[in-house]
Amino acid sequence: MRLRITALWVIPLALVAAGFAAAWAAAVGAAERYNNMTISSVAEFDWASLASAIAEPLLLTGFLAVLVALAVHALLWRPRPD
Amino acid sequence: MADDEAPEVDPRFDPVFQRGYDPAVHAAPVRRSVLRAPAVKPAPLPVAPTPAEVPSVVRVEHEDQDELEDEPHRRNPWLLALVLVSTAFLAAAGVFLWVIGQRDIYSFSGTPAAAELMVQQLSYMLPPALIVAGVLGLVLRVALGALRGRA
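So, here is what we can say about the structure in this document.

Things to note about the overall build of chain B
At step 1: The helix and strand inventory of chain B stands at 3 helices and 0 strands.
At step 2: Put simply, chain B has 151 residues, and 13% of those count as buried.
At step 3: Considering only residue pairs separated by 6 or more positions, chain B has 57% of its internal contacts joining residues 24 or more positions apart.

A closer look at the overall build of chain A
At step 1: In terms of regular secondary structure, chain A is built from 2 helices and 0 strands.
At step 2: Here chain A, with 82 residues, has 27% of them falling under the buried criterion.
At step 3: Long-range contacts, defined as pairs at least 24 residues apart, comprise 78% of the intrachain contacts of chain A with a sequence gap of at least 6.

Re the interface of chain A and chain B
At step 1: With 25 residues of chain A at the interface, the matching set in chain B holds 31 residues.
At step 2: Elements with a minimum of two residues in the side of chain A that touches chain B: helix 1 (2-36) and helix 2 (47-76) of chain A.
At step 3: Among the elements that make up the side of chain A that touches chain B, the one with the highest residue count is helix 2 of chain A (13 residues).

As for the packing of helix 1 of chain A against helix 3 (residues 114-147) of chain B
At step 1: One can describe the packing of helix 1 of chain A onto helix 3 of chain B by two numbers: an axis separation of 8 Å at closest approach and a directional angle of 125 degrees. Classed by the angle they form, the pair helix 1 of chain A and helix 3 of chain B counts as oblique. Relative to helix 3 of chain B, helix 1 of chain A is oriented so that their crossing is right-handed. Between helix 1 of chain A, through Ala23(A), Trp24(A), Ala26(A), Ala27(A), Val28(A), Ala30(A) and Ala31(A), and helix 3 of chain B, the contact on the second element is made entirely by Ala114(B), Leu117(B), Met118(B), Gln121(B), Leu122(B) and Met125(B).
At step 2: Tallied by class, the residues present in the contact of helix 1 of chain A with helix 3 of chain B amount to 12 nonpolar, 1 polar and no charged.

A look at the nonpolar core
At step 1: Within the largest apolar cluster, 32 residues are counted, with the highest numbers of intra-cluster contacts made by Ala23(A), Ala55(A), Leu59(A), Phe63(A) and Leu126(B).
At step 2: Secondary structure elements with two or more residues in this core: helix 1 and helix 2 of chain A together with helix 2 (77-102) and helix 3 of chain B.
At step 3: At 12 residues, the largest contribution of residues to this core is made by helix 2 of chain A.
At step 4: Those residues in contact with Ala23(A), other than ones at most four positions away along the chain, are Ala55(A), Met118(B), Gln121(B), Leu122(B) and Met125(B).

Parameters at a glance
- Position labels on residues start from 1 in each chain and follow its written sequence.
- Key to labels: chains lettered from A, ligands numbered from 1, both in the order written.
- A pLDDT threshold of at least 70 governs which residues receive local features in this predicted model, and a stricter bar of 80 or more applies before side-chain atom pairs are shown or counted, although totals over entire chains, interfaces and linings include all residues.
- Strands are runs of DSSP state E lasting at least 2 residues, helices are runs of H or I lasting at least 4, and numbering of each runs from the N terminus.
- Any residue surrounded by 20 or more other C-beta atoms within 10 Å of its C-beta is treated as buried, while 12 or fewer makes it exposed and the intermediate range makes it partly exposed; C-beta atoms here are placed from the backbone.
- Contact criterion: two residues are in contact if their C-beta atoms, reconstructed from the backbone, are within 7 Å.
- An axis is simply a line fitted to the C-alpha atoms; with a helix, the fit covers only the stretch in contact. Between two such axes, the angle follows the N-to-C directions and lies from 0 to 180 degrees.
- Each angle receives one of four descriptions, namely roughly parallel if under 35 degrees, roughly antiparallel if over 145, roughly perpendicular if within 65 to 115, and oblique otherwise.
- Throughout, a crossing is termed right-handed when the near helix is turned clockwise from the far one, and left-handed when it is turned anticlockwise from it by less than a right angle.
- The classification used treats Ala, Val, Leu, Ile, Met, Phe, Trp, Tyr, Cys and Pro as nonpolar, Asp, Glu, Lys and Arg as charged, and all other residues, Gly among them, as polar.
- Defined on buried residues, the nonpolar core groups Ala, Val, Leu, Ile, Met, Phe, Trp, Tyr and Cys residues joined through C-beta atoms within 7 Å.

Pasting the structure below:
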């Protein structure tokens, strides 16, 4: 039970962290592109574009997972007897 | 002779309506108990004992009696956290949208840093996600209240 509760919080936090990491990777890639004035060719795999594309879904899923974790805790909550 | 004797009557029926009825002989009442079941005095029905005092309201003992009585005074902290987090999501989305609106779109430094680009990208990326999460959180709060029987 405790392990599942831990996973309930680890998963959303990991999703949010991955979303911010993807956003950072996308920003670094974009800055490098601006500074070097290079345009990646179609054949070249662009990690920055991929990171930019998956950052928002990761963040949204992480936020929703946080809400789900709170809702599960609210359902399991019972007042402690004095 | 047999003719001198009074004819027998069927004891099951009233002798008045039978052949050979002689009032002098058959005046005695015919024993009707042959046809009838013996009269048995019914036993008195048992009477339920009346209690000295019948309570008008029966008190139902509940094992969580204290919990039920104290429940209105105890709020679910996780529901409160859910509302606060959802409201924070919506507020953060509003801040990001305000920042986007205040930004001078004509200023361009030429060599943007990665941190600046990340803030810019997050300011465009986060508001939709935050709005969706915030609204869904409030909807989830209402749904949980409906599940618990009190909104």
